[in-house]
Amino acid sequence: MSDNLERFEGKTSFAYNKDVGIPWHRTGQPMSGFQTVDTMLTAAFADYDVEVVPVYVQAPDGTYVELESKKATARTNPHTGAYQPLAAVGNRYTPVQNREVLERALAVVGASKGDAVIDTLGVLDEGRRFFSAIDLGTLVIDPMGAADRIGRYLLVYTSHDGTVPITYANTDVRAVCQNTVRMALDTAQSTFKAKHTHGFSIRIEEAQEVLRLSTEWATQFKQAAEEMMAIEMTPGRLDRVIDGAFPEAKAVTDRQIANRLEIVETIKTIYTGPKNAGAVGNNGWAAWNAVVEYLDHHRDGTPEERALTSMDETSWVTKRKLAAQQAVLSLR
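Here we summarise the structure given alongside this text. (Residues numbered from 1 in each chain as written. Predicted model: local features only at pLDDT ≥ 70, side-chain atom pairs only at ≥ 80, totals over all residues. Heavy atoms only, no water.)

## Considering the nonpolar core
Membership of the largest hydrophobic core comes to 31 residues, with the highest contact counts inside it found for A46, L102, L121, F130, I134, V156 and Y168. Elements supplying a minimum of two residues to this core: α1 (37-43), α2 (98-108), β8 (118-124), β9 (129-141), β10 (148-159), β11 (166-171) and β12 (190-194). A total of five residues in this core trace back to one element, the largest contributor, which is α2. Within the second largest apolar cluster, 30 residues are counted, among which are M233, L238, V241 and V291. (Core = buried A, V, L, I, M, F, W, Y, C linked by side-chain atoms within 4.5 Å. Buried < 20%, exposed > 50% of the residue type's maximum accessible area, 1.4 Å probe, protein only. Helix = DSSP H or I, 4+ residues; strand = E, 2+ residues; numbered from the N terminus.)

So this is what it looks like as structure tokens:
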């Protein structure tokens, strides 16, 4: 799976907080803790300015005629120092710089420019797209002292080729590449967008009103998680959850029987591990997370294939996760 991050001579236009975790592509500049705008833009080779320039067509006689209906965006490539055209855009397109998009996002969430809350930041498609994940704090699932923690982010996303508006979205997906950005947008509970035009402006109050829905989402998600955590999980009940996600076929071969048995035993091992029942107790939340962890990290396939399928909301993996959740809730 291609992450679509910009690269040049072994350097990747991406930086991340290594304390939260190393991204699946294992590239970019690891930073210690959450960082500020200046630090992250510099580390990710994202502190460049985009300008709009005229577009010319060469006539048969060798002269150049301006194409008045179009302009082009361009930048100085931070890796090479070369002047780089990015894309043809409409006449009304106004570039909004990466720094401005990021600083306004911090204003939306009530952080000042100096606050160190930026978790990831990167450049996609050879400079044409920009994204960042701002830490919004951790959602704690804790009905019985379990203190299971889930990250929450404000996704910042825009382009310099006219294809993506300035976008802010509330999500629990940590953006580290093109596909995680897409997943964050697809699963976001609330999103604010603004066009690149001469009349561009982001009314902070309007964006805050739209994104306030994330608080309601967090409450609903926490209620569902705590409902699963309140469901006692016995060995027999765990079998029912696994059967919900991986139903046993009526007619199977010896090989299929062996494969399914291996899946069941792997999930049970994950369930009893320190991140699931070992951390939050024998309950439905631990059981569901064991199935999810197996599907995301332990089933057959390359890391890239597993990541791509897990990001697809219509994939068989997503359907099995939903089936496992339904199986847990059926035990109420």
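Here the narrative resumes.
## Some remarks on the sheet that holds strand β5 (residues 50-58)
Pairing is antiparallel across the open sheet formed by three strands, whose spatial order is β5-β6-β7. The strands lining the two open edges of the sheet, one partner per strand, are β5 and β7 (83-90). Across the sheet, the mean angle from the axis of one strand to that of its neighbour is 45°, orientation sign disregarded. With eight bridges connecting them, β5 and strand β6 (residues 64-76) associate as antiparallel partners. Within β6, the residue paired with P54 across the bridge is K71. (Pairing = 2+ DSSP bridges. Axes fitted to C-alpha atoms, helices over the stretch in contact; angles between N-to-C directions.)

## Some words on the packing of helix α6 (residues 235-245) against helix α11 (residues 316-329)
When two helices pack together, you describe them by how their axes are tilted relative to each other and by the distance separating the axes. The N-to-C vectors of α6 and α11 enclose an angle of 145°; their axes lie 7 Å apart at closest approach. Helix-helix and strand crossings are classified by hand; for α6 and α11 the assignment is right-handed. Contacts from R240, V241, G244 and A245 of α6 reach α11 at R320, A323, A324, A327 and V328. Tallied by class, the residues present in the contact of α6 with α11 amount to six nonpolar, one polar and two charged. (Left-handed = near helix turned anticlockwise from the far one by under 90°. Contact = heavy atoms within 4.5 Å. Nonpolar A, V, L, I, M, F, W, Y, C, P; charged D, E, K, R; others polar.)

## A few points about the pairing of β8
β8 sits mainly inside the fold: seven of its seven residues count as buried. With three bridges joining them, strand β3 (residues 14-17) and β8 adopt antiparallel strand pairing. Its bridge partner being in β8, Y16 is matched across the sheet by T120.

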